[in-house]
Amino acid sequence: MNDVSRFSIYRKMSLNPKMRDEAMDISPFLDGIQNFVLIDDVSYELPDPPDFSVKAMGKTIWLELTKSNPKRFGKRGFSKFNDFKKWEREKEEKPLPRHEFEWGTYTLRDSLAAFQDEIERKAERAKTYHKRFDETWLVIQSEKGSPHGG
């Protein structure tokens, strides 16, 4: 197990709930990547995007975290994430022997099209700020209802 608590994003947790959640969401990636890359520090990048600035291998790396959606959605995005957060709160308040959440049904074609759209959208946005960094990393969060997660 690698020590991620030494990174700035954990030593100086943001008061912004979205930034704090992203820091927690990226922790498994940061833990695992250290088996291959020596990371000196990870800090919040403001203005956002990108989400984080990573210092590693003598480089400054842009790191953007995004969720994998099960299909293409409009401006409101995948509204099931909001329902899931509410469900998580409810299961804490009313513990039962078994809790299940229904994410819906999506085809593989839907999911791959959504994945491609998300990569293209992030790549287009990165054109405006990628020159400030030596490398750019897009980390795709693929759990919590994602078709790409376990």
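All values derive from a computational prediction rather than experimental measurement.

Caption draft 1: Representation of the nonpolar core in the model. The biggest cluster of nonpolar side chains holds 21 residues, and the ones touching the most others in it are Phe7, Ile9, Tyr10, Ile26, Leu30, Ile39 and Val42. Elements with a minimum of two residues in this core: helix H1 (8-11), helix H2 (17-33), strand E1 (39-44), strand E2 (52-56), strand E3 (59-67) and strand E4 (135-141). At five residues, H2 tops the list of elements feeding residues into this core. Among all residues touching Leu30, those that are not within four sequence positions of it are Val4, Phe7, Ile9, Tyr10, Ile39 and Val42.

Caption draft 2: Representation of helix H3 (residues 80-93) in the model. If you check H3, its first and last C-alpha atoms are 20 Å apart, about what 14 residues at 1.5 Å a residue would give, namely 20 Å. Regarding H3, the residues found buried are Phe81, Phe84 and Trp87. The buried side chains of H3 occupy one side of the element, clustering within an arc of 110° when seen end-on. In H3, the exposed positions angled more than 90 degrees off the buried face are occupied by Asn82 and Glu93. Here the buried face of H3 lies against E3.

Caption draft 3: Broad picture of the pattern of salt bridges. Per the counting criterion, the structure on display carries seven salt bridges. The salt bridge partner of Lys18 is Glu22, with a shortest N-O separation of 2.9 Å. One end of the pair is Lys18 and the other is Glu22, both in helix H2 and four residues apart, which spans about a single turn. Residue class for Lys18 comes out partly exposed when judged on its relative accessible area of 49%. Residues Lys59 and Glu135 are paired through a salt bridge, measuring 2.7 Å at the closest nitrogen-oxygen approach. Here the residue Lys59 occupies a position in strand E3, and Glu135 occupies one in strand E4, the gap between them amounting to 76 residues. By relative accessible area, which is 31% here, Lys59 ends up partly exposed.

Caption draft 4: Structural view of the sheet that holds E1. Strand order in the open sheet formed by four strands is E1-E2-E3-E4, and the pairing between neighbours is mixed. Across the chains shown, the open sheet's two edge strands, defined by having one partner strand only, are E1 and E4. With strand direction ignored, the average angle separating the axes of adjacent strands in the sheet is 25°. Pairing of E2 with E3 involves five bridges; the strand directions are antiparallel. Counted as the bridge partner of Ala56 is Lys59 from E3. Packed on one face of the sheet, helix H4 (residues 108-126) meets E3 and E4 and runs near 140° to E3.

Rules used throughout
The residue numbering used here restarts from 1 in each chain and proceeds along that chain's sequence as written. In view of the model being predicted, local features appear only for residues whose pLDDT reaches at least 70, and side-chain atom pairs are presented and counted only at 80 or more, with totals across whole chains, interfaces and linings using the full set of residues. Remark: hydrogens and water are excluded; side-chain values derive from all non-hydrogen atoms of the structure. Remark: nonpolar core denotes a set of buried residues (Ala, Val, Leu, Ile, Met, Phe, Trp, Tyr, Cys) joined through side-chain atoms within 4.5 Å. We call a residue buried when its accessible area falls under 20% of the maximum for its residue type, exposed when it is over 50%, and partly exposed in between, using a 1.4 Å probe and counting protein chains only. Runs of E in the DSSP output that reach at least two residues are strands. Runs of H or I that reach at least four are helices, and both are numbered from the N terminus. We call two residues in contact when some of their heavy atoms are within 4.5 Å. A helix's residues, less one, multiplied by 1.5 Å, set its expected span. As used here, the arc belongs to the directions running from the helix axis to the C-beta atoms. By salt bridge we mean one thing: a side-chain nitrogen of Lys or Arg within 4 Å of a carboxyl oxygen of Asp or Glu. Following DSSP output, two strands are said to pair if at least two bridges run between them. Inter-axis angles, ranging from 0 to 180 degrees, are taken between N-to-C directions of lines fitted to C-alpha atoms, where helices are fitted over the stretch in contact.

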